[in-house]
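Summary of structural features
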Amino acid sequence: MIISILFALLTILLLSGGAVFYKLSVKESEPYSVTSVKTVAVIVIALIYASFTGAYVDITSVGGLNLFYLIISGVALGGAWLFYSYALKGSELATVQPIISFQPIMMMLMSMLFLYEGYRLLTIVAISLAGAGTVLMSWKKGNKRWMLFAWLSVVLSAVALFLARTGAYSVSYTLGVVVQSLVVFAMLWVTAFAKGKKNIFSGVTVKGAFFTVLAVLAMTLAAFSVQYVGTIEGVSLDKYIKLGALMLTVTGGAAMLKEKPSSVNVAGIMLVVAGVVVSIF
């Protein structure tokens, strides 16, 4: 039980740290350039992991529908990463991250709509509370363009994960990540050329690249540490981890970045907490 709690706390720390690092990376850099560094870091880490674990990474072995689904999901993933960078560029971490944390619920809704997976009434109530809380947590006066980018990121990331899971389920996770990331990398070159840039890395500073790599490392380590989180008396800690990461990001991260949530944002936090509590039952 103690080991599970320790890994849960570590995962929360890594997730919130990754979000803070990524916000720092886009502060003084172009979003598409930061996303390019992120993509390269993901590919390198995936290949390093494959070499250490002996995972089979042969892109030529992917064909047919698997390749089609991975390319389409890669396009969606690239859009999600890029829109996330633009959202963070245009607003505070404390307002963007609550929307991004809605992605698992978006996946649940897609499963209900397209896979006809049924859920209990309490689950629907929990989703409604969390959704309302997310809107309030992210509420901010002024230009709402960043909010559009954040919601587009959520929808596209859910679509990418949904396509990868349903269409390319026979492909190993590491191989799938590499193929998707290569598709994202190609997309970013197109984006850069459309902006008249000849180098997709020209818009990122050394500090921005450094924080981007730290963010990717933190998120990767979080993905590993969460695998060692078990259950306590039959209760999964997954929901607590997501809630804890969100709370730490909004409070601790906002404090580091000198962001001040409004009373409306605090009310949203309370609704999200209520939604998580209901979902436990």
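In short, a report on the structure. What you see is a predicted model, and the numbers here were worked out from it, not measured in a lab.

1. Observations regarding the overall build of the protein chain
Looking only at helices and strands, the protein chain has eleven helices and two strands in total. Reading the protein chain from its N terminus to its C terminus gives the helix and strand order α-α-α-α-α-α-α-α-α-β-β-α-α. By the burial criterion, 47% of the 281 residues in the protein chain qualify as buried. A fraction of 88% describes how many contacts in the protein chain between residues 6 or more apart in sequence connect residues 24 or more apart. Only carbon and sulfur atoms are counted for the fraction: they give 72% of the accessible area of the protein chain, which is about 14300 Å².

2. Describing a nonpolar patch on the surface
A cluster of nonpolar side chains, namely Leu65, Leu67, Phe68, Ile71, Ile72 and Val75, defines an oily patch on the protein surface of about 500 Å² accessible area. By secondary structure assignment, the location of Phe68 is in helix α3 (residues 64-90).

3. Remarks on the packing of helix α1 (residues 2-27) against helix α9 (residues 206-225)
Interhelical geometry of α1 versus α9 gives an angle of 160° and a closest axis separation of 8 Å. Looking at the two axes, α1 sits roughly antiparallel to α9. Here α1 runs over α9; the crossing is left-handed. Only Gly208, Phe211, Thr212, Leu214, Ala215, Ala218, Met219, Leu221, Ala222 and Ser225 of α9 make contact with α1, whose side of the interface consists of Phe7, Leu10, Thr11, Leu14, Leu15, Gly18, Ala19, Phe21, Tyr22, Leu24 and Ser25. Looking at side-chain class alone, the contact of α1 with α9 contains 15 nonpolar, six polar and no charged residues.

4. Some points on the environment of Ser91
Structurally, Ser91 can be placed in the loop between α3 and α4 (93-100). Overall, Ser91 belongs to the buried group, its relative accessible area being 5%. Placed 55 residues apart in sequence, Ser91 and Trp146 show a C-alpha to C-alpha distance of 6.3 Å. Within the structure, Ser91 has its side chain in polar contact with the side chain of Thr95 (distance 2.7 Å).

5. Observations concerning the packing of aromatic side chains
As enumerated under the stated definition, the model contains ten aromatic pairs in all. Aromatic side chains Phe83 and Phe149 sit 5.6 Å apart centroid to centroid with 20° between the ring planes, which places their arrangement in the stacked category. With Phe83 in helix α3 and Phe149 in helix α7 (residues 145-167), the pair connects residues that are 66 residues apart, well separated along the chain. Ring geometry for Phe185 versus Phe201: centroids 6.3 Å apart, planes at 40°, classification tilted. Separated by 16 residues along the polypeptide, Phe185 in helix α8 (residues 173-194) and Phe201 in the loop between α8 and α9 bring together distant segments of the chain. We classify Phe185 as partly exposed; its relative accessible area is 22%. A relative accessible area of 30% places Phe201 in the partly exposed class. Following the ring pairs from residue to residue traces out a cluster consisting of Phe185, Trp189, Phe193 and Phe201. Just above the ring of Tyr22 sits the side chain of Lys38; from NZ or CZ to the centre is 5.0 Å.

6. What about the side chain of Ser36?
Position of Ser36 relative to the elements: it lies in helix α2 (residues 31-53). Not counting residues within four places of it along the chain, the set of residues in contact with Ser36 comprises Phe185, Leu188, Ile200 and Phe201.

7. Quick look at the nonpolar core
In a soluble, globular protein the nonpolar side chains are often hidden away together inside. Core analysis: the biggest nonpolar cluster contains 27 residues, and Tyr22, Tyr84, Leu88, Leu93, Val96 and Ile99 have the highest contact counts within it. Of all the elements in the fold, those that place two or more residues in this core are α1, α2, α3, α4, α5 (103-114), α6 (121-137) and α7. By residue number, the principal contributor to this core is α7, which donates six residues. Sequence-distant contacts of Tyr22, that is, excluding residues within four places in its chain, are made with Val34, Thr35, Lys38, Trp81, Tyr84, Ser85, Leu88, Thr212 and Ala215. With 17 residues, the next largest nonpolar core counts Val177, Val184, Ala192 and Ile200 among its residues.

8. Some points on α8
Within an α-helix, residues lying three or four positions from one another point in the same direction, as the helix has 3.6 residues per turn. With 22 residues, α8 extends 32 Å between its outermost C-alpha atoms, agreeing within 8% with the 32 Å of an ideal straight helix rising 1.5 Å per residue. In the stretch just after α8, Gly196 is the one whose phi turns positive, near 80°.

Rules and cut-offs
Residues numbered from 1 in each chain as written. Predicted model: local features only at pLDDT ≥ 70, side-chain atom pairs only at ≥ 80, totals over all residues. Heavy atoms only, no water. Helix = DSSP H or I, 4+ residues; strand = E, 2+ residues; numbered from the N terminus. Buried < 20%, exposed > 50% of the residue type's maximum accessible area, 1.4 Å probe, protein only. Contact = heavy atoms within 4.5 Å. Areas by Shrake-Rupley, 256 points an atom, 1.4 Å probe, with all protein chains shown as cover. Patch = residues over 30% accessible without salt bridge, like charges linked within 9 Å, V, L, I, M, F, W, Y side chains within 5 Å. Salt bridge = Lys/Arg side-chain N within 4 Å of Asp/Glu carboxyl O. Axes fitted to C-alpha atoms, helices over the stretch in contact; angles between N-to-C directions. Parallel < 35°, antiparallel > 145°, perpendicular 65-115°, else oblique. Left-handed = near helix turned anticlockwise from the far one by under 90°. Nonpolar A, V, L, I, M, F, W, Y, C, P; charged D, E, K, R; others polar. Polar contact = N/O pair within 3.5 Å; in protein donor to acceptor, adjacent residues only side chain to side chain. Phe/Tyr/Trp six-rings, centres within 6.5 Å; stacked < 30°, edge-to-face > 60°. Lys NZ or Arg CZ within 6 Å of the ring centre and 35° of its normal. Core = buried A, V, L, I, M, F, W, Y, C linked by side-chain atoms within 4.5 Å. Expected span 1.5 Å × (residues − 1).

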